[in-house]
Every structure is written in C-alpha cells, then in structure tokens.
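Examination of the molecular architecture
Each chain, written out:
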Amino acid sequence: MTLHQRIYADLERRILSGDLSPGDRIPFEHELTETYDCSRMTVSKAISELAGRGLVTRRRRAGTFVAQPKAHAAVLAIPDLQAEVAARGQVYGYALLDRVERNARDEDEVELAAGGPLLDLTCLHSTDGTPLALEHRLIALAAAPQAIDVDFQTLAPGSWLLTSEPWTEAENRISAIEADAMAARLLGLKPGAACLCVERRTWRDGQGVTRVWQTFPGDRYDLVARFSPAHMKDIRR
C-alpha cells in the first residue's frame, strides 16, 4: 500500500466507523503531512480521492469536512454486455480500436500491475449497429498472463475475463460525465453530451486483475439493482 493510500484508508475508516461524523473537519493538510511525514502533494491526493467518492467536501479557507451521507445503490453483478444485448433480442457488435502492452504510468497503475506489464485495450460495443459503449480497459498480465495470447479482435475482453479469470472482489462506481471529443465521435454524440461512466475494478485474492472504464450515452444504458432488506442493512454499515 502506498503512503497516499494509507492516508486515504485511515481517514475512510474514521469516517465510516463514525469516529468522524458528518460536518466534522478532518485534520488540516499541514497536520497530516506532519503526522505521516510526507509531502503536501501526497496528502492532497488522498483527500482528493475522498472527495471524489463523496466522503468529504472541501471549503476554501475553512478546511475539509466530512460530507453528509448520500443514498447509494449497490451494483454487485459484473455484466457481460454481449449477453445483455443478446438477451434483449438485439444484435451485438464489437470492435477493438487499440491494443498496447505497456508499463504502468502512475501510482494506481503500478498497484494494479504488481510488477508486470499492463495490456491496454480500447474497444467499442454496439447494439443493432448503434454505438452502446466505449471501453478503456487495463489487464494486469501478472494476474492474467494468458491475456497476451487472446485474440481480442474477435473476443471482447470483458467476456473473456468473466469466463477465464475468476475474481474474489470487485468494485463498481458509476458517475455522470460529459463526452469528450473522442467519446463523442465514437459514440455518435455531440461533445459535452451527457454520459454514464461505469468504472470497475476486480481483484483475485488481493491481486488486481483488471480496471475498466465504460462510457455509455446517457439514453442508452439502464441500471437495475435488486437486493433484499437484509442486504440493505449491510450496505448502511
């Protein structure tokens, strides 16, 4: 675990445990740099990630405060887009746009890569000839070395991973974004059009397997989550 991840985890634990309540100010950045004997940049990165998750809010000149809780839906299933499209009686389409084997470029990628290279894939999924999702995926070859020999020209990486690389832990995150120039062109949208970004990570016994970002036009993606009251109790903990 890197130092910024340790700071993030410590603060997250204090927030989720109730040690820091909504409205409480977390320690100032200079206080955290002294506590962890690190740079201001390291602390700022940890707090930015907390803010990105909606756990804290930054107030200029006042500090950073624990955010008021929001309602979250749990999305447990990892969907196979090809199977979902076929289940609706539509024709699935897939195209591999780019494939590169490369080294990690930042802290998060270093953690995923676990000392090995990454397979960097860009794909486009479609339904009945209409673009459905633009996908950018990283596969850790240390965890899934056989991926290097898979023909992803004909097989979508998500489908292959679901059948060939079992996972023990997954994280899904969904956010509203605006289409950048590349996404707009490939999805047939205007730049800045509303989209949903589904970011997903999977691990196997603590080792990262893949990280993927799938960008859907806002009017072409439905999210349904089904859960029991007992499950909701677990979510609120």
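Structure first, text after, so check above.
Report on the accompanying structure. (Residues numbered from 1 in each chain as written. Predicted model: local features only at pLDDT ≥ 70, side-chain atom pairs only at ≥ 80, totals over all residues. Heavy atoms only, no water.)

**Re the pairing of strand E8 (residues 207–217)**
- With nine of eleven residues buried, E8 is to be regarded as a mostly interior element.
- Sheet topology places strand E5 (residues 130–140) next to E8; six bridges connect them, and they run antiparallel. Opposite Glu-135, over in E8, you have Gln-214 as the bridge partner.
- With ten bridges connecting them, strand E7 (residues 194–204) and E8 associate as antiparallel partners. Among the inter-strand pairings, Arg-204 is bridged to a residue of E8, identified as Gln-207.
- If you look at the hairpin formed by E7 and E8, you'll find two residues sitting between the two strands, and Asp-205 has a positive phi there, around 50°. (Buried < 20%, exposed > 50% of the residue type's maximum accessible area, 1.4 Å probe, protein only. Helix = DSSP H or I, 4+ residues; strand = E, 2+ residues; numbered from the N terminus. Pairing = 2+ DSSP bridges.)

**Points about helix H6 (residues 157–164)**
- All of the buried residues along H6 are Pro-157, Gly-158, Ser-159, Trp-160 and Leu-161.
- The elements touched by buried residues of H6 are helix H4 (81–87), strand E3 (92–102), strand E4 (118–127), E5 and E8. (Contact = heavy atoms within 4.5 Å.)

**Concerning the sheet that holds E8**
- Taken together, six strands build an open sheet; the order of strands is E3-E4-E5-E8-E7-E6 and the sheet is antiparallel. What marks the edges here is a single partner per strand, and that holds for E3 and strand E6 (169–178). Adjacent strand axes in the sheet meet at a mean angle of 15° when their direction is disregarded.
- Here E6 runs beside E7; their pairing, made up of ten bridges, is antiparallel. Counterpart to Ala-170 in the pairing with E7 is Thr-202. (Axes fitted to C-alpha atoms, helices over the stretch in contact; angles between N-to-C directions.)

**Remarks on the pairing of strand E2 (residues 63–66)**
- Pairing analysis gives four bridges linking strand E1 (residues 56–59) to E2, with the strands arranged antiparallel. Bridge assignment links Val-56 to a residue of E2, and that residue is Val-66.
- Between E1 and the antiparallel strand that follows it, E2, lie three residues; Arg-61 among them carries a positive phi value of about 70°.

**Some words on the side chain of Gln-214**
- Within the secondary structure layout, Gln-214 lies in strand E8.
- Look at Gln-214 and you get buried, because its relative accessible area is 5%.
- Of the polar contacts made by the side chain of Gln-214, one reaches the side chain of Glu-135; its length is 2.9 Å.
- Apart from the residues within four sequence positions on either side, Gln-214 is in contact with Leu-81, Leu-134, Glu-135, Arg-137, Leu-196, Cys-197, Val-198 and Arg-200. (Polar contact = N/O pair within 3.5 Å; in protein donor to acceptor, adjacent residues only side chain to side chain.)

**Quick word on the pattern of salt bridges**
- With the rule as written, the count across this model stands at 15 salt bridges.
- The residue Glu-109 makes a salt bridge to Arg-102 at a minimum N-O spacing of 2.8 Å. Here the two residues Glu-109 and Arg-102 agree in accessibility, since each one is buried.
- One salt bridge in this structure joins Glu-135 and Arg-137, with 2.8 Å as the shortest N-O distance. Neither residue differs from the other here; Glu-135 and Arg-137 are each classed as buried.
- Through salt bridges with shared partners, a single ionic network connects Asp-108, Glu-171, Arg-173, Glu-199, Arg-201 and Arg-211. (Salt bridge = Lys/Arg side-chain N within 4 Å of Asp/Glu carboxyl O.)

**Re the side chain of Arg-211**
- When you line up the elements, Arg-211 lands in strand E8.
- Those residues in contact with Arg-211 that sit more than four places away from it in its chain are Asp-108, Leu-112, His-136, Arg-137, Leu-138, Glu-199, Arg-200 and Arg-201.

**Let's talk about the packing of aromatic side chains**
- The full count for this structure, using the stated rule, is one aromatic pair.
- The side chain of Arg-25 reaches across the aromatic face of Phe-28, ending 3.9 Å from its centre. (Phe/Tyr/Trp six-rings, centres within 6.5 Å; stacked < 30°, edge-to-face > 60°. Lys NZ or Arg CZ within 6 Å of the ring centre and 35° of its normal.)

**Details of the environment of Pro-145**
- Assignment of secondary structure puts Pro-145 in the loop between E5 and H6.
- Residue classification places Pro-145 among the partly exposed residues on the basis of a relative accessible area of 44%.
- For Pro-145 and Pro-117, which are 28 residues apart along the polypeptide, the C-alpha to C-alpha distance reads 9.5 Å.

**Considering the packing of helix H2 (residues 29–36) against helix H3 (residues 40–52)**
- In the contact formed by H2 and H3, the axes pass within 9 Å of each other and the chain directions differ by 115°. The orientation of H2 relative to H3 falls into the category roughly perpendicular. Remark: the crossing between H2 and H3 carries right-handed chirality. Only Arg-40, Val-43, Ser-44 and Ile-47 of H3 make contact with H2, whose side of the interface consists of Glu-29, His-30, Leu-32 and Thr-33.
- For the contact of H2 with H3, the residue count by class is three nonpolar, three polar and two charged. (Parallel < 35°, antiparallel > 145°, perpendicular 65-115°, else oblique. Left-handed = near helix turned anticlockwise from the far one by under 90°. Nonpolar A, V, L, I, M, F, W, Y, C, P; charged D, E, K, R; others polar.)

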